[in-house]
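Spelled out from the first residue to the last, the chains are:
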Amino acid sequence: VDDLVEEIAQYADTLDVYNAGSNTQPSCFICQAYRLFTMPKAEDLSEVQSILDYPHSAVVRCVGFVYMRFVLHPNHLWGKLEEYLFDTM
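Description of the structure in this document.

The rules behind each value
Residues numbered from 1 in each chain as written. Predicted model: local features only at pLDDT ≥ 70, side-chain atom pairs only at ≥ 80, totals over all residues. Heavy atoms only, no water. Helix = DSSP H or I, 4+ residues; strand = E, 2+ residues; numbered from the N terminus. Rg over C-alpha atoms; globule rule 2.2 N^0.38 Å. Buried < 20%, exposed > 50% of the residue type's maximum accessible area, 1.4 Å probe, protein only. Patch = residues over 30% accessible without salt bridge, like charges linked within 9 Å, V, L, I, M, F, W, Y side chains within 5 Å. Areas by Shrake-Rupley, 256 points an atom, 1.4 Å probe, with all protein chains shown as cover. Salt bridge = Lys/Arg side-chain N within 4 Å of Asp/Glu carboxyl O. Expected span 1.5 Å × (residues − 1). Polar contact = N/O pair within 3.5 Å; in protein donor to acceptor, adjacent residues only side chain to side chain. Disulfide = S-S within 2.5 Å. Core = buried A, V, L, I, M, F, W, Y, C linked by side-chain atoms within 4.5 Å.

## Concerning the overall build of the protein
Piece 1. Along the protein, the regular secondary structure elements total 5 helices and 0 strands.
Piece 2. Tracing the protein from N to C terminus, the helices and strands come up as α-α-α-α-α.
Piece 3. For 89 residues, the compact-globule estimate of 2.2 N^0.38 gives 12 Å, and the protein sits close to it at 13 Å.
Piece 4. The principal-axis extent of the C-alpha atoms belonging to the protein is close to 35 × 25 × 25 Å.
Piece 5. Residues classed as buried in the protein amount to 31% of the 89 residues present.

## Some details on a nonpolar patch on the surface
Piece 1. Residues Y34, F37, F70 and V71 make up a contiguous nonpolar surface patch of about 450 Å² in total accessible area.
Piece 2. For the nonpolar patch, the secondary-structure elements that each account for two or more residues are α2 (28-38) and α4 (58-71).
Piece 3. With respect to the helices and strands, F70 occurs in helix α4.

## Digging into the pattern of salt bridges
Piece 1. Applying the stated criterion across every chain, the model contains 2 salt bridges.
Piece 2. A salt bridge links E7 to R35, with the shortest nitrogen-to-oxygen separation between them at 2.8 Å. In this pair, E7 sits in helix α1 (residues 2-11) while R35 sits in helix α2, placing the two residues 28 residues apart along the sequence.
Piece 3. Taking relative accessible area as the criterion, E7 reaches 27% and is therefore assigned partly exposed.
Piece 4. Taking the shortest distance from any N to any O, the salt bridge between D87 and R61 comes out at 2.4 Å. Highlighted residues: D87 in the segment after α5 (74-81) and R61 in helix α4, separated in sequence by 26 residues.
Piece 5. By relative accessible area, R61 is classed as buried at 7%.

## Looking at α4
Piece 1. Counted at 1.5 Å a residue, the expected span for α4 with its 14 residues is 20 Å, and the 20 Å between its end C-alpha atoms agrees.
Piece 2. Every buried residue of α4 is accounted for by V59, V60, R61, V63, G64, Y67 and M68.
Piece 3. Backbone nitrogen of V59 and a side-chain oxygen of the N-cap are separated by 3.3 Å at the start of α4; the cap is S57.

## Brief notes about the state of the cysteines
Piece 1. Per the counting criterion, the structure on display carries 0 disulfides.
Piece 2. In this structure C31 is a free cysteine whose sulfur lies 6.7 Å from that of C28, the closest cysteine sulfur available.

## Notes on the nonpolar core
Piece 1. In terms of nonpolar packing, the biggest core is built from 21 residues, with I8 and M68 touching the most fellow members.
Piece 2. Those elements that place two or more of their residues in this core are α1, α2, α3 (45-52), α4 and α5.
Piece 3. For this core, the leading source of residues is α4, giving 5 residues.

So, to be careful, I would describe these as geometric facts and stop short of saying anything about function.
Structure follows, in structure tokens:
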């Protein structure tokens, strides 16, 4: 997961789903979120916690939030993400 965090911080520069000027080519941000889904240790939420608490890049944290949104059951989402609602990073 640490290597993925470094790669996100280095290459993902936008939160767009698609690359600029394209309706079919995915952005680096969404590709990295998908990579997080495919990682075997990503099911361990303590690993994802390090992504959510990453202090140097909001884009890295957003990948973690997108992942949590799709992985957690909606009834548990608020309990896990409430502390980040008014976060100023």
